2 protein chains.
Amino acid sequence: MTQGIRAQQREQTRQALVRESRRLFSTLGYGSVGLSEIVHAAGVTKGALYHHFSSKADLFRAVLEQVQQEVAERIAETADAREDTWEQLVSGCRAFLTVSTDPTIQRIMLVDGPAVLGWSEWRAMNETTSGRHLAQVLGDLIDEGVFAAQRVEPLTHLLSGAMNEAALWLATSTDPRNPDDVQDALVSMLESLRVV
Amino acid sequence: MTQGIRAQQREQTRQALVRESRRLFSTLGYGSVGLSEIVHAAGVTKGALYHHFSSKADLFRAVLEQVQQEVAERIAETADAREDTWEQLVSGCRAFLTVSTDPTIQRIMLVDGPAVLGWSEWRAMNETTSGRHLAQVLGDLIDEGVFAAQRVEPLTHLLSGAMNEAALWLATSTDPRNPDDVQDALVSMLESLRVV
DNA sequence: TCCTTCACGTACTGAAGGTACGTCAGTGTT
DNA sequence: AACACTGACGTACCTTCAGTACGTGAAGGA
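Basis of the calculations
Residues numbered from 1 in each chain as written. Chains lettered and ligands numbered in written order. Predicted model: local features only at pLDDT ≥ 70, side-chain atom pairs only at ≥ 80, totals over all residues. Heavy atoms only, no water. Helix = DSSP H or I, 4+ residues; strand = E, 2+ residues; numbered from the N terminus. Buried < 20%, exposed > 50% of the residue type's maximum accessible area, 1.4 Å probe, protein only. Contact = heavy atoms within 4.5 Å. Areas by Shrake-Rupley, 256 points an atom, 1.4 Å probe, with all protein chains shown as cover. Near = heavy atom within 4 Å. Polar contact = N/O pair within 3.5 Å; in protein donor to acceptor, adjacent residues only side chain to side chain. Nonpolar A, V, L, I, M, F, W, Y, C, P; charged D, E, K, R; others polar. Salt bridge = Lys/Arg side-chain N within 4 Å of Asp/Glu carboxyl O. Least-squares fit on C-alpha atoms with pLDDT ≥ 70 in both. Axes fitted to C-alpha atoms, helices over the stretch in contact; angles between N-to-C directions. Parallel < 35°, antiparallel > 145°, perpendicular 65-115°, else oblique. Left-handed = near helix turned anticlockwise from the far one by under 90°. Domains from an automatic or database assignment. Buried area = accessible area lost by both parts, 1.4 Å probe.

Undergrad: Could you clarify how one ought to interpret the overall build of chain A in this entry?
TA: For chain A, the count of helices and strands is 10 helices and zero strands. The N-to-C order of helical and strand elements in chain A reads α-α-α-α-α-α-α-α-α-α. Across its three principal directions, the C-alpha atoms of chain A cover 60 × 45 × 30 Å. Counting all 196 residues of chain A, 51% fall into the buried class. A sequence separation of at least 24 residues applies to 67% of the contacts in chain A between residues at least 6 apart. For chain A, the accessible area works out to roughly 9400 Å², and carbon and sulfur atoms hold 49% of it.

Undergrad: Would you take a moment to explain the protein's contact with DNA strand C for this structure?
TA: Around DNA strand C there are 20 residues in total, and A:Lys46, B:Arg6, B:Thr13, B:Thr45 and B:His52 lie nearest to it. Among the atoms of DNA strand C close to the protein, meaning within 4 Å, 63% are from sugar or phosphate groups. Contact distances for DNA strand C include 2.5 Å between a phosphate oxygen and a side-chain N or O atom of B:His52. Taken together, the elements giving at least two residues each to the surface near DNA strand C come down to α1 (5-28) and α3 (46-52) of chain A together with α1 (5-28) and α3 (46-52) of chain B. Broken down by class, the residue content of the surface near DNA strand C amounts to six nonpolar, nine polar and five charged.

Undergrad: Sorry, what's going on with the pattern of salt bridges here?
TA: Charged atoms that come close allow side chains of opposite charge to pair. Taken as a whole and judged by the stated rule, the model has 26 salt bridges over all chains. The salt bridge partner of B:Arg123 is A:Glu165, with a shortest N-O separation of 2.4 Å. Of the two residues, B:Arg123 is situated in helix α7 (residues 119-128) and A:Glu165 in helix α9 (residues 152-172); the pairing between them involves two chains. Like B:Arg123, the residue A:Glu165 is buried in the burial classification. Here A:Asp181 makes a salt bridge to B:Arg151, at a shortest N to O gap of 2.7 Å. With A:Asp181 in helix α10 (residues 178-193) and B:Arg151 in the loop between α8 (130-143) and α9 (152-172), this pair bridges two chains. If you follow the salt bridges from partner to partner, you end up with A:Arg151, A:Glu153, B:Asp175, B:Arg177 and B:Asp181 in one network.

Undergrad: Before we go on, may I ask you to explain the protein's contact with DNA strand D in this structure?
TA: Near DNA strand D there are 20 residues, and of these A:Arg6, A:Thr45, A:His51, A:His52 and B:Lys46 occur at the shortest range. Take A:Thr13: an N or O atom from its side chain is 2.9 Å from a phosphate oxygen of DNA strand D. In this structure, a phosphate oxygen belonging to DNA strand D sits 3.4 Å away from a main-chain N or O atom of B:Val33. Contributions of two or more residues to the surface near DNA strand D are made by α1 and α3 of chain A together with α1 and α3 of chain B. Within the surface near DNA strand D, the residues separate by chemical class into six nonpolar, nine polar and five charged.

Undergrad: What exactly am I supposed to notice about the relation of the copies chain B and chain A here?
TA: Put simply, the two copies of the chain differ by a rotation about an axis and a shift along that axis. Least-squares fitting of chain B to chain A yields an RMSD of 0.1 Å, with the transformation described by 0.0 Å of translation along the axis and a rotation of 180°. Taken together, the rotation angle and the small translation identify this as a two-fold axis. When C-alpha distances to the rotation axis are compared across chain B, the minimum falls at B:Ala162, with a value of 2.1 Å. Comparing contact sets, 100% of the residues at the interface of chain B also lie at the interface in chain A, consistent with an isologous, same-surface contact.

Undergrad: Just to check I follow, could you spell out the packing of helix α4 (residues 56-79) of chain A against helix α6 (residues 103-117) of chain A for this structure?
TA: A pair of packed helices can be characterised by two numbers: the angle between their axes and the separation between those axes. Residues and elements named next belong to chain A. Contact geometry of α4 with α6 gives a least axis separation of 10 Å together with a crossing angle of 135°. The angle between α4 and α6 falls in the class oblique. For α4 against α6, the interelement crossing comes out left-handed. Contacts between α4 and α6 involve Ala57, Phe60, Arg61, Val63, Leu64, Val67, Gln68 and Val71 on the former and, on the latter, Ile105, Ile108, Met109, Asp112, Gly113, Val116 and Leu117. When grouped by side-chain class, the residues that make up the contact of α4 with α6 number 11 nonpolar, two polar and two charged.

Undergrad: In this structure, what is going on with the packing of α4(A) against helix α7 (residues 119-128) of chain A? I would like to understand it.
TA: Residues and elements named next belong to chain A. Where α4 contacts α7, the two axes come as close as 10 Å, and the packing angle between them is 35°. The interaxial crossing formed by α4 with α7 has right-handed handedness. Only Glu121, Trp122, Met125 and Asn126 of α7 make contact with α4, whose side of the interface consists of Arg61, Leu64, Glu65 and Gln68. Residues belonging to the contact of α4 with α7 are distributed by class as follows: three nonpolar, two polar and three charged.

Undergrad: Mind showing me how you'd approach the domain arrangement of chain A here?
TA: Accessible area lost upon the coming together of the parts serves often as the stated size of an interface. Residues and elements named next belong to chain A. Here the domain parsing of chain A yields domain 1 (1-53) and domain 2 (66-193). For domain 1 and domain 2, the distance between their C-alpha centroids amounts to 30 Å. Between domain 1 and domain 2, the contact holds seven residues from the first and nine residues from the second. Summed over both partners, the interface of domain 1 with domain 2 buries about 700 Å², with 56% contributed by carbon and sulfur atoms. Ranking the residues of domain 1 by area buried against domain 2 places Arg22, Ser26 and Tyr30 at the top, with a combined share of 73%.

Encoded structure:
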């Protein structure tokens, strides 16, 4: 069942479009990069772009999916290395702050993402990747009695919001103490929430 | 020292531009509103707009300043009604979640703001209004020993991020329990951070 | 009364997103 | 192997929109 040449080339140009647009979006921002730049960098024309994606925002969506996938994977492999649920939460949160400090990921995932796609769609995408893991772990910890009995959703949004903002702050701040200090503040916040 | 007719009309058109663009930005979003709509709604032309503002983003900045000013005022008058510093923090946070749930404020302040002006400028503007109050109160509480000794900035960003995300979530969620639950979760988070 | 200034309108430009349609290589069929 | 056909992509064009250049008429000082 060898893939036909057509399917190979199709996938190749699609990946080229996603790759180059991701590079441009992350460095210049969604609004400051034109389609002409993207298709030129990818070595194709606008006809190819609109054959694969229905709009500029649709292309951005594909890029964002890829970025979130990578982030979720890197967090998961860090967290899943731990056995204890509590350790998974802490290491996962630390991993998120480390990974998402990368400006490449920053701009696409946290700055342009919500504005281009709208919060509802952004949140939905987030939910299917790293957001689900966080909610899962928090739910487990509540069930285990580590956290006080409460609904998972409010807690999840408070913590994910705190981490998003922290990551954005770290990306633009220069004080070398900040990365460690914000992680410590977050972990001590989590620990203070423990009831056992 | 009566203001001349010139100055009056100038201020009048400027306010009309800010008012109408705020209305349109908040309902349709920055990217989906054209300057032609704005000037038509304000009853002027593009010449007037560019006489007062250097760009579309500059007009948005004026709108954002107005919104943040209002939010900061409403929070301040709620918080300043309390004598105790701790009570100021709690009531201020509750006020923020209440005020910023308004979709009108939402879209401009939390969604488009960072994307249009960039996080650095958005954060700088935030710092001069409500952000400063939060940092002030948190600093006082650390000094009073209510919170453990630590740097103010990391804690400030974690909490403001948590509240921003919570406000955005409340705006799109339908479950009637959410507003109360997320406030309770936030307050219990604050209380768990207390050491005395 | 004249002149200057300034707030604003008019007409235009360049660029960017998006579309209609042509074209040719790849693929299944007989 | 010859055929028709699909689909991936290029080309040319359209529309819209942010931004600019310049004209104009009223306000205000001398």
